[in-house]
Amino acid sequence: MDGLWESIRAVAGVAAMVLSGVSLLGWAVTFASTVATFYLVAKHGRLRGKGMAAERAALSRPLPRAEDLPHVVVQIPTYNEGAMVARALDAACALEWPRDRLHIQILDDSTDGSTLFARQEVGVRQARGFDVELIHRTDRSEYKAGALANAMTMTPHGFFAILDVDYVPEPDFLVKTMTCLLADPGLAFIQARFDYINREANELTRTQAVLLDAHLAIEQATRCWAGHPLPFNGTCGVWRREAIEAAGGWRGGTLAEDLDLSYRAWRIGRRGSFLMGVPVPGELPETMKAWMTQQQRWTKGFGEVMLRLLWPILGDASLPWADRWKAAMHLGVWWSGLAWAVALPTGLAAILLGSPLRWPLAGLLLGQLLIGYVALFVFLRAGNLSLRPGQTTLRQFTRDFFFVSRNLFRIGAVIGPAQREVIFGKRSEFVRTPKSAVVKAG
């Protein structure tokens, strides 16, 4: 019997050391992610003044004369979202651009009765003299990427403004974005900033707004100002046709066709630019189920692009090491959530098995939880102060932060399966986020 117990203790000791090593590796990844968060916040603080001044200067440039302006195609992808088509068309037709140079495509992949409704709305605008076309597909091949690529073949024009059906741009959206795009022939695209029609609808929408404000201000804007790879966000932007084609066109091999195209364009020297001061209001999901659907798609799409492009980028000798490192910092962050999910249970198991490293592991666990929450608070508060200075007191923001913290635990339950599907190469359908077609505030 003593021999059996000795064997069990030996196996437990080996298991404890293996689990300790796995946990330490996971903590190293999470620590790197935390450092990257503080780095971005600090970088944002250093670059914000200069970056915003450059943006104001770019927006103040004059456009060419009306007769010299290029043709612009506004593409509005939709899938079973007929209730929002009328609002989207109203916004597109109200854009300040010469009518003979403004072309609108409704990219309809609907499988319900939405197509009939969309066709009626298109007919109303055509009767008013607008160049509006309904392009209906029945197979949804390559999902949104397929719809965008298909629609490009139906027009010869050189600029494409992409607006998801739930976004409602201001009339000067094209004037501002095209001013910057035309002034710099090297730009592949201009990305405007998301804003929110229904920010105050409930606790969940406030949570999303806080998270997205930080993503847009601290990540997107800072990447733009610092010369890091800038992802297109899939909507509220304008692309040059030439840049899309040079990068290989829209591809549907992932659920994040926007990120995929952005990086392919970046690798051939075609960068994008982000406009903090050009908000485009859109809808946030108002139910937990809808938000979970969105987060699963975003997590999986980002991971698919990361697996497809990260190693080729790191091995691309034509790119400077600094650029490869910047791409790795961005794409590699996908592993941080997975590292948390591995480091925590393996560390606890190692502690329970009596690992010689149990006290360092316990210290790492508590320390990383503390520093992780501090990093999250600093990141979110910095985004809030950058985008909405004076609008939210520290007390109000702290309330919102606890909303975020509570909901992050919920979302972890759906991100895990999405990450596993990426690792094991399981493909899934592009599921659009349900929206409610609320009326624009204001």
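Residues numbered from 1 in each chain as written. Predicted model: local features only at pLDDT ≥ 70, side-chain atom pairs only at ≥ 80, totals over all residues. Heavy atoms only, no water.

Colleague: It is not clear to me how the layout of surface pockets should be interpreted in this structure. Could you clarify?
Modeller: Rolled over the atoms, a probe with the dimensions of a water molecule shows which regions are left empty. Taken as a whole, the second largest pocket spans an internal volume of roughly 470 Å³. The wall of the second largest pocket is formed by 21 residues, among which Ala-54, Cys-224, Trp-225, Arg-271 and Ser-273 lie closest to the centre. Put simply, the parts of the chain that give the lining of the second largest pocket at least two residues each are α1 (2-59), β5 (187-196), α6 (203-226) and β7 (271-282). Tallying contributions element by element places α1 first for the lining of the second largest pocket, with six residues. Residues that form the lining of the second largest pocket fall into these classes: 10 nonpolar, five polar and six charged. (1 Å grid on protein atoms, 1.4 Å probe; cavity = no way out; pocket = protein on both sides within 12 Å on 5 of 7 lines; lining within 4 Å. Points joined across faces, edges and corners; volume = space filled by probe spheres on them. Helix = DSSP H or I, 4+ residues; strand = E, 2+ residues; numbered from the N terminus. Nonpolar A, V, L, I, M, F, W, Y, C, P; charged D, E, K, R; others polar.)

Colleague: So what exactly am I meant to see when it comes to the sheet that holds β5 here?
Modeller: Pairing between the strands of a sheet is mediated by backbone hydrogen bonds and can be parallel or antiparallel. The strand order β3-β2-β1-β4-β6-β5-β7 describes an open sheet built from seven strands, whose pairing is mixed. What marks the edges here is a single partner per strand, and that holds for β3 (131-136) and β7. With strand direction ignored, the average angle separating the axes of adjacent strands in the sheet is 20°. Examined bridge by bridge, β5 and strand β6 (residues 237-240) share three bridges and lie antiparallel to one another. The residue of β6 that forms the bridge with Gln-191 is Gly-237. Its contacts with the sheet place helix α3 (residues 114-127) against β2 (102-108) and β3, and it is angled at close to 165° to β3. Helix α4 (residues 143-152) contacts β1 (72-78), β2, β3 and β4 (159-162) of the sheet and is inclined by roughly 145° relative to β1. (Pairing = 2+ DSSP bridges. Axes fitted to C-alpha atoms, helices over the stretch in contact; angles between N-to-C directions. Contact = heavy atoms within 4.5 Å.)

Colleague: Quick question: what am I supposed to make of the pairing of β5 here?
Modeller: Successive residues of a regular strand alternate their side chains across the two faces of the sheet. Within β5, 10 of the 10 residues are buried, leaving the element largely enclosed by the surrounding structure. Bridging between β5 and β7 involves nine bridges; their strand directions are parallel. Paired with Gln-191 across the strands is Phe-274, a residue of β7. (Buried < 20%, exposed > 50% of the residue type's maximum accessible area, 1.4 Å probe, protein only.)

Colleague: Would you mind showing me how to read the side chain of Gln-294 here?
Modeller: As for its placement among the helices and strands, Gln-294 is situated in helix α9 (residues 288-314). Under the relative-accessibility criterion, Gln-294 is labelled buried at 8%. A distance of 3.3 Å separates a polar atom in the side chain of Gln-294 from a polar atom in the side chain of Gln-295. Once you skip the residues sitting within four places of it in the chain, Gln-294 turns out to touch Gln-208, Pro-285 and Thr-433. (Polar contact = N/O pair within 3.5 Å; in protein donor to acceptor, adjacent residues only side chain to side chain.)

Colleague: Help me understand the side chain of Arg-240, please; the structure alone is not making it clear to me.
Modeller: Within the secondary structure, Arg-240 sits in strand β6. Of the side chains with opposite charge, Glu-242 lies nearest to the buried Arg-240, which makes no salt bridge, at 5.6 Å. Contacts of Arg-240, omitting those with residues within four sequence positions, involve Gly-158, Phe-159, Leu-181, Leu-182, Asp-184, Pro-185, Leu-187, Ala-188 and Arg-270. (Lys, Arg positive; Asp, Glu negative; His and termini not counted. Salt bridge = Lys/Arg side-chain N within 4 Å of Asp/Glu carboxyl O.)

Colleague: What's the story with helix α8 (residues 257-267) in this structure? I'm lost.
Modeller: Since the α-helix turns once every 3.6 residues, residues separated by three or four places project in the same direction. The buried fraction of α8 is high, at 10 of 11 residues. Summarising the contacts, the buried residues of α8 are in contact with α4, β5, β6, α7 (241-246), α9 and α10 (321-331). Of the residues trailing α8, Gly-269 is marked for its positive phi of about 85°.

Colleague: Would you explain the packing of α6 against helix α12 (residues 358-387) in this entry?
Modeller: Pairs of packed helices are described in terms of their axes, by the angle between the two and the distance that separates them. Close contact between α6 and α12 brings their axes to 8 Å; oriented N to C, the two are set at 75°. By the angle between their axes, α6 is roughly perpendicular relative to α12. Residues Val-210, Leu-211, Asp-213, Ala-214, His-215, Ala-217, Ile-218 and Glu-219 of α6 touch α12, and the partners they reach there are Phe-379, Leu-380, Ala-382, Gly-383, Ser-386 and Leu-387. For the contact of α6 with α12, the per-class residue count stands at nine nonpolar, three polar and two charged. (Parallel < 35°, antiparallel > 145°, perpendicular 65-115°, else oblique.)

Colleague: Help me out: how do you make sense of the packing of aromatic side chains in this one?
Modeller: Two descriptors summarise a pair of aromatic rings, namely the distance from one centre to the other and the angle between the planes of the rings. This structure, assessed with the given rule, holds 11 aromatic pairs. Aromatic side chains Phe-377 and Phe-401 sit 5.0 Å apart centroid to centroid with 75° between the ring planes, which places their arrangement in the edge-to-face category. Residue Phe-377 is found in helix α12, and its partner Phe-401 is found in helix α13 (residues 394-423); the two are separated by 24 residues along the sequence. The class of Phe-401 is buried, set by a relative accessible area of 6%. Relative to Phe-402, the ring of Phe-401 lies with its centre 6.0 Å away and its plane at 65°, an arrangement referred to as edge-to-face. Through pairs of rings, three or more aromatic residues link up here, namely Tyr-373, Phe-377, Phe-397, Phe-401 and Phe-402. We note Arg-140 situated over the ring of Tyr-79; from NZ or CZ to the ring centre the distance is 3.6 Å. (Phe/Tyr/Trp six-rings, centres within 6.5 Å; stacked < 30°, edge-to-face > 60°. Lys NZ or Arg CZ within 6 Å of the ring centre and 35° of its normal.)

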